[in-house]
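Close look at the chain arrangement
Here is what each chain is made of, one letter per residue.
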Amino acid sequence: MMDILKDLYQGRITEEDACDLFGQIVDDVHDGVYGTDDEGCVNIGSIMGMDKYEETAAAQSAPLSVISRWRYEGWPDKCCVTGESIDYKQWYWLVRRLPDGSYGLMKL
């Protein structure tokens, strides 16, 4: 099984490599390489070794390097706007790019 975030975090691949792998997976999905679920969908995040929170962050344009760091070093636990406590496993958040170029979670 592939684990792009682990490989990225451990330096076995670069962010560019990770993006290339993602592109290859998308191409493979279009070519029918992967099976579908009962609704005819393919879970690309699962193929990449991502959980539902990581998939959500990626879908909100968080860079894979940021998501991999969150996985291994801890997800943000404060809203990047208000400073309120946030538990990413409770949802109700959006990924937000901050003025300094870093990323955080904004509580909804």
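Placed above this text is the structure.
Here we summarise the structure given alongside this text. (Residues numbered from 1 in each chain as written. Predicted model: local features only at pLDDT ≥ 70, side-chain atom pairs only at ≥ 80, totals over all residues. Heavy atoms only, no water.)

**Thoughts on the nonpolar core**
- Ranked by internal contacts, the top residues of the largest apolar core, which has 23 residues, are Ala57, Leu64, Trp75, Trp93 and Leu105.
- Secondary-structure elements contributing two or more residues to this core are α1 (4-9), α2 (15-30), α4 (52-59), α5 (64-73) and β1 (93-97).
- If we ignore the near neighbours within four places in the chain, the residues touching Leu105 are Trp70, Trp75, Pro76, Lys78, Cys79, Cys80, Ile86, Tyr88, Trp93, Leu94 and Val95. (Core = buried A, V, L, I, M, F, W, Y, C linked by side-chain atoms within 4.5 Å. Buried < 20%, exposed > 50% of the residue type's maximum accessible area, 1.4 Å probe, protein only. Helix = DSSP H or I, 4+ residues; strand = E, 2+ residues; numbered from the N terminus. Contact = heavy atoms within 4.5 Å.)

**Regarding the packing of aromatic side chains**
- Counting across every chain of the model gives 7 aromatic pairs.
- On the basis of an interplanar angle of 25° and a centroid distance of 4.7 Å, the ring pair of Tyr9 and Tyr72 is categorised as stacked. In this pair, Tyr9 sits in helix α1 while Tyr72 sits in helix α5, placing the two residues 63 residues apart along the sequence.
- Arranged with centres 5.2 Å apart and planes meeting at 85°, the rings of Tyr53 and Tyr88 form a pair that is edge-to-face. Here Tyr53, found in helix α4, pairs with Tyr88, found in the loop between α5 and β1; they are 35 residues apart in sequence, far enough to count as distant. As far as the burial class goes, Tyr53 and Tyr88 line up, both buried.
- Clustering of aromatic rings is evident, with ring pairs tying together Tyr53, Trp70, Trp75, Tyr88, Trp91 and Trp93. (Phe/Tyr/Trp six-rings, centres within 6.5 Å; stacked < 30°, edge-to-face > 60°.)

**So, unusual backbone geometry**
- Phi at Trp91 takes a positive value of approximately 60°, unusual for a residue other than glycine.
- As for its position among the elements, Trp91 is in the loop between α5 and β1.
- With a relative accessible area of 34%, Trp91 lands in the partly exposed category.
- At Tyr92, a position not held by glycine, the phi torsion is positive, near 55°.
- Residue position: Tyr92 is located in the loop between α5 and β1.

**What to know about the environment of Ser61**
- Looking at the secondary structure, you find Ser61 in the loop between α4 and α5.
- Owing to a relative accessible area of 57%, Ser61 belongs among the exposed residues under this scheme.
- Expressed as a C-alpha distance, the spacing of Ser61 and Arg96, which sit 35 residues apart in the sequence, is 8.9 Å.

No statement about biological role is implied by the geometric values presented.
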